[in-house]
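Chain by chain, the residues run as shown.
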Amino acid sequence: AIDYAEHKPEKTVILKRPQAEAEMIDGRDIDWDSAVAAATPAECVPVAATDPLYILYTSGTTGEPKGIVRDNGGHAVALQWSMKAVYDVEPGEVYWAASDVGWVVGHSYIVYGPLLNGNTTIVFEGKPVGTPDAGTFWRVIDEHNVTSFFTAPTAIRAVKREDPKGEFI
């Protein structure tokens, strides 16, 4: 992707996986494990409720992607409230949003919401079918004692297509 990009990053951080180790480019690529080993802890920094938390760009369906700025305070309050009011999960329980962390639902309910509410959160990389099977969701829920689970309807349809009788549950 970088080869094709018009605007190339000066630096990248690469997690080298044993299954397909990335080729590193000297001067640009930083090895994740080396960076973490050399890192020093940083103190928390107070921020105002109105300070930006993130900018997320729309998909551009109108022809022009737009950056949406989310602030800290209101977003945090809404997420923490929704963990009990919508997802019925109590502090100390395990919550799993099987979503893409790059989507607003993903990072909101994989990272911010559960941690604000005092929940264990599961970071899941993959898809519900083919990696290794359509029972993946149910295996993770069972192994980690998930109390509340969220995923997209398309994921459930994919599981149902592969396991129409629910034999992998």
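Everything discussed here concerns the structure shown above.
Below, the structure is looked at part by part.

Cut-offs used in this document
- Residues numbered from 1 in each chain as written.
- Predicted model: local features only at pLDDT ≥ 70, side-chain atom pairs only at ≥ 80, totals over all residues.
- Heavy atoms only, no water.
- Phe/Tyr/Trp six-rings, centres within 6.5 Å; stacked < 30°, edge-to-face > 60°.
- Helix = DSSP H or I, 4+ residues; strand = E, 2+ residues; numbered from the N terminus.
- Polar contact = N/O pair within 3.5 Å; in protein donor to acceptor, adjacent residues only side chain to side chain.
- Contact = heavy atoms within 4.5 Å.
- Patch = residues over 30% accessible without salt bridge, like charges linked within 9 Å, V, L, I, M, F, W, Y side chains within 5 Å.
- Areas by Shrake-Rupley, 256 points an atom, 1.4 Å probe, with all protein chains shown as cover.
- Salt bridge = Lys/Arg side-chain N within 4 Å of Asp/Glu carboxyl O.
- Buried < 20%, exposed > 50% of the residue type's maximum accessible area, 1.4 Å probe, protein only.
- Axes fitted to C-alpha atoms, helices over the stretch in contact; angles between N-to-C directions.
- Parallel < 35°, antiparallel > 145°, perpendicular 65-115°, else oblique.
- Nonpolar A, V, L, I, M, F, W, Y, C, P; charged D, E, K, R; others polar.
- Pairing = 2+ DSSP bridges.
- Core = buried A, V, L, I, M, F, W, Y, C linked by side-chain atoms within 4.5 Å.

Moving on, we come to the packing of aromatic side chains. Under the counting rule described, the total for this entry stands at eleven aromatic pairs. Taking the centre distance of 5.2 Å and the plane angle of 65° together, the rings of Trp-96 and Phe-124 count as edge-to-face. Of this pair, Trp-96 sits in strand E5 (residues 94-98) while Phe-124 sits in the loop between strand E6 (120-121) and helix H4 (136-143), and the two are 28 residues apart along the sequence. Ring geometry for Trp-96 and Phe-137: centres 5.4 Å apart, planes at 90°, overall edge-to-face.

Moving on: the side chain of Asn-117. Tracing the sequence through the fold places Asn-117 in the loop between helix H3 (104-116) and E6. One polar contact links Asn-117 to Gln-80, side chain to side chain, over a distance of 2.8 Å. Apart from residues lying up to four places away in sequence, Asn-117 is in contact with Gln-80, Met-83, Val-89, Glu-90 and Pro-91.

This next bit is on a nonpolar patch on the surface. A surface patch of nonpolar side chains, about 450 Å² in accessible area, is lined by Val-13, Leu-15, Ile-30, Trp-32 and Val-36. With respect to the helices, strands and loops of the structure, Ile-30 is situated in strand E2 (residues 29-31). Classification of Ile-30 as partly exposed rests on a relative accessible area of 35%.

Quick look at the packing of helix H2 (residues 72-85) against H3 now. Direction vectors running N to C along H2 and H3 enclose 80°, while the axes themselves pass 8 Å from each other. Accordingly, the angle class assigned to the pair H2 and H3 is roughly perpendicular. For the pair formed by H2 and H3, the contact residues are His-75, Ala-76, Leu-79, Gln-80, Ser-82 and Met-83 on the first element and Ser-108, Tyr-109, Tyr-112, Gly-113, Pro-114 and Leu-116 on the second. Its residues placed into classes, the contact of H2 with H3 shows seven nonpolar, five polar and no charged.

Backbone-to-backbone hydrogen bonds pair the strands of a sheet. The strands run either parallel or antiparallel. The three strands are arranged E6-E5-E7 in an open sheet whose pairing can be described as parallel. The open sheet is flanked by E6 and strand E7 (146-151), the only strands paired with a single partner. Looking at chain direction, E5 and E6 are connected through two bridges and run parallel. Paired with Tyr-95 across the two strands is Thr-121, which belongs to E6.

Here we take up unusual backbone geometry. The phi angle at Asp-88 is positive, at roughly 55°, despite the residue not being glycine. Locating Asp-88 in the fold gives a position in the loop between H2 and E5. A positive phi angle, near 55°, is found at Asn-145, a position not held by glycine. Looking at the secondary structure, you find Asn-145 in the loop between H4 and E7.

Right, let's get into the environment of Val-47. With respect to the secondary-structure elements, Val-47 resides in the loop between helix H1 (32-38) and strand E3 (52-57). Sequence separation between Val-47 and Gly-74 is 27 residues; the distance between their C-alpha atoms is 13 Å.

Glancing now at the nonpolar core. Grouped together as the largest cluster of nonpolar side chains are twelve residues: Val-94, Trp-96, Ala-98, Ile-122, Val-129, Ala-134, Phe-137, Val-140, Val-146, Ala-155, Ala-158 and Val-159. Of all elements in the fold, only E5, H4 and helix H5 (153-162) reach the threshold of two or more residues within this core. Every residue in contact with Val-94, bar those within four places of it in the chain, is listed here: Thr-120, Ile-122, His-144, Asn-145, Val-146, Thr-147 and Ser-148. Counting residues in hydrophobic clusters, the runner-up holds eight residues, among them Met-83, Tyr-87, Val-89 and Ala-97.

Taken as a whole, this structure holds six salt bridges when the rule is applied. For Lys-16, the salt bridge is made with Asp-31, and the minimal N-O distance between the two is 3.9 Å. Here Lys-16, found in the loop between strand E1 (12-14) and E2, pairs with Asp-31, found in strand E2; they are 15 residues apart in sequence, far enough to count as distant. Across the salt bridge formed by Glu-90 and Lys-84, the nearest N and O atoms sit 2.8 Å from each other. Here Lys-84 falls in the partly exposed class, since its relative accessible area comes to 39%. The network of salt bridges with common partners includes Lys-84, Asp-88 and Glu-90.

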